[in-house]
Amino acid sequence: EYKVSEIQKILTKNHPTSKVIFIGDNGQKDIGAYDAIEKDAQFSGRVIATFIHALYEDTVSQPLTATQIPWITSADLALRLYDLGLISLPPFLIALDTTISALSSGDAWTRALAVPDLTCVRPQFINELRARATAEPDGPLRLYLMELTEQIASNGKRIFGDNLRERTNCSP
């Protein structure tokens, strides 16, 4: 497959010993391509993490593998990078604040930049994010994470209705 061979070339020629993080989406070939690279013995141990922007309905794309981590907003991607020690607190807080501001905006276009209308925001995602926020000790970070969770849930309801799965192309 073209995408796999191009990634292999980049990793082999340009960065023969570098560790990598893959960031893609679930729309076309990223899931399969990144999985193939992770399973390739030549690149074993070089992939730190694979993050997949969960934009599209599962019936449109292939399911994520066990090692692939879904994300919906730049803030929850930043949270996952922060939890892995790949970014420090200041850039994480900037992503968090920017996303919360966009989600709480009165402007539909600004909100859609944070959570596109085509995104299927499932209750499981909200529950996992809420659990992560609740696990955080009391303090500003916990408050930010709780606010992010509620803003994503609120915007999901604004898009899909009270049952976050109500949209026709978003199955349970």
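As the structure is a prediction and not an experimental result, all values here were calculated from the model. Position numbers for residues start from 1 in each chain and track the written sequence from start to end. With the structure being a predicted model, the display of local features is reserved for residues of pLDDT at least 70 and the display and counting of side-chain atom pairs for 80 or more, all residues being used for whole-chain, interface and lining totals. To get the side-chain values, all heavy atoms of the structure are used, and hydrogens and water are removed first.

(A) Inspection of the nonpolar core at higher detail. To define a nonpolar core, start from buried Ala, Val, Leu, Ile, Met, Phe, Trp, Tyr and Cys residues and group those joined through side-chain atoms within 4.5 Å. Partly exposed residues are those whose accessible area sits between 20% and 50% of the maximum for their type, while under 20% is buried and over 50% is exposed, using a 1.4 Å probe and protein chains only. F92, L96, L145, L148 and I152 are the most contacted members of the largest nonpolar core, which has 21 residues in total. For this core, the secondary structure elements donating two or more residues are α3 (74–83), α4 (89–103), α6 (123–135) and α7 (140–160). Counting 12 residues, the second largest nonpolar core, distinct from the first, contains L11, A33, I37 and V47. Working definition: helices are DSSP H or I runs of at least four residues, strands are E runs of at least two. Numbering for both runs from the N terminus.

(B) Spotlight on α4. For α4, with 15 residues, the first-to-last C-alpha span of 21 Å sits near the 21 Å given by 1.5 Å per residue. If you check which residues of α4 are buried, you get F92, A95, L96, T99, I100, A102 and L103. Buried positions in α4, seen along its axis, are confined to an arc of 160° and lie on one side of it. Every exposed residue of α4 that faces more than 90 degrees away from the buried side is listed here: P90 and I94. Helix span, as expected, comes to 1.5 Å for every residue beyond the first. In this context, the arc is that of the directions from the helix axis out to the C-beta atoms.

(C) Just the confidence of the model for the protein, in detail. Mean pLDDT over the protein stands at 82; residues scoring 70 or higher make up 83%. As a per-residue measure, pLDDT tells how confident the predictor is, with possible values from 0 to 100. Every residue pair with non-hydrogen atoms within 4.5 Å of one another is taken to be in contact. Residue range residues 162–169 is modelled with pLDDT below 50. Its contacts to residues more than four positions away, or to other chains, number 22 contacts.

(D) Highlighting the sheet that holds strand β2 (residues 47–53). A pair of strands is treated as paired once DSSP finds two or more bridges between them. The strand order across the open sheet formed by 3 strands is β1-β2-β3, and the pairing between neighbours is parallel. Only two strands of the sheet have a single neighbouring strand rather than two, namely β1 (20–25) and β3 (68–71). On average, adjacent strands in this sheet sit at an angle of 25° to one another, irrespective of strand direction. In this sheet, β3 lies alongside β2 in parallel orientation, the contact comprising 4 bridges. Residue pairing across strands places I52 opposite P70, the latter belonging to β3. Each of β1, β2 and β3 is contacted by helix α2 (residues 30–39), which is oriented at about 160° to β1, the strand it contacts most. Along the sheet face, α3 touches β1, β2 and β3 and points at about 145° away from the line of β3. Angles shown run from 0 to 180 degrees and are taken between the N-to-C directions of axes, each axis being a line fitted to C-alpha atoms and, for helices, limited to the stretch in contact.

(E) Just the environment of S154, in detail. Looking at the element boundaries, S154 is found in helix α7. Counting along the chain gives 51 residues from S154 to L103, while the straight-line C-alpha distance between them is 8.7 Å.

(F) View of the pattern of salt bridges. Whenever a carboxyl oxygen of Asp or Glu lies within 4 Å of a side-chain nitrogen of Lys or Arg, that contact is scored as a salt bridge. Scanning the model with the defined rule gives 7 salt bridges in all. Note that K3 and D30 form a salt bridge whose closest N and O atoms lie 2.3 Å from each other. Here D30 lies in helix α2 and K3 lies in helix α1 (residues 2–14), a separation of 27 residues in the sequence. Close ionic contact of R132 with E136 constitutes a salt bridge, the shortest N to O distance being 2.8 Å. By relative accessible area, E136 is classed as buried at 16%. The structure contains a network of salt bridges with shared partners spanning D83, R132 and E136.

(G) Expanded view of the packing of aromatic side chains. Between 30 and 60 degrees the pair is tilted, below 30 it is stacked and above 60 it is edge-to-face, where a pair is any two Phe, Tyr or Trp rings, Trp via its six-membered ring, whose centres lie within 6.5 Å. Summed over all chains, the structure comprises 2 aromatic pairs. Centroid distance F22 to Y34: 4.4 Å. Interplanar angle 5°. Geometry classified as stacked. Residue F22 is found in strand β1, and its partner Y34 is found in helix α2; the two are separated by 12 residues along the sequence. Residue classification places F22 among the buried residues on the basis of a relative accessible area of 8%. Judged by relative accessible area, which is 9%, Y34 ranks as buried. An angle of 10° between the planes, with centres 5.1 Å apart, marks the rings of Y82 and F92 as stacked. One end of the pair, Y82, is in helix α3; the other, F92, is in helix α4, with 10 residues separating them in the sequence.

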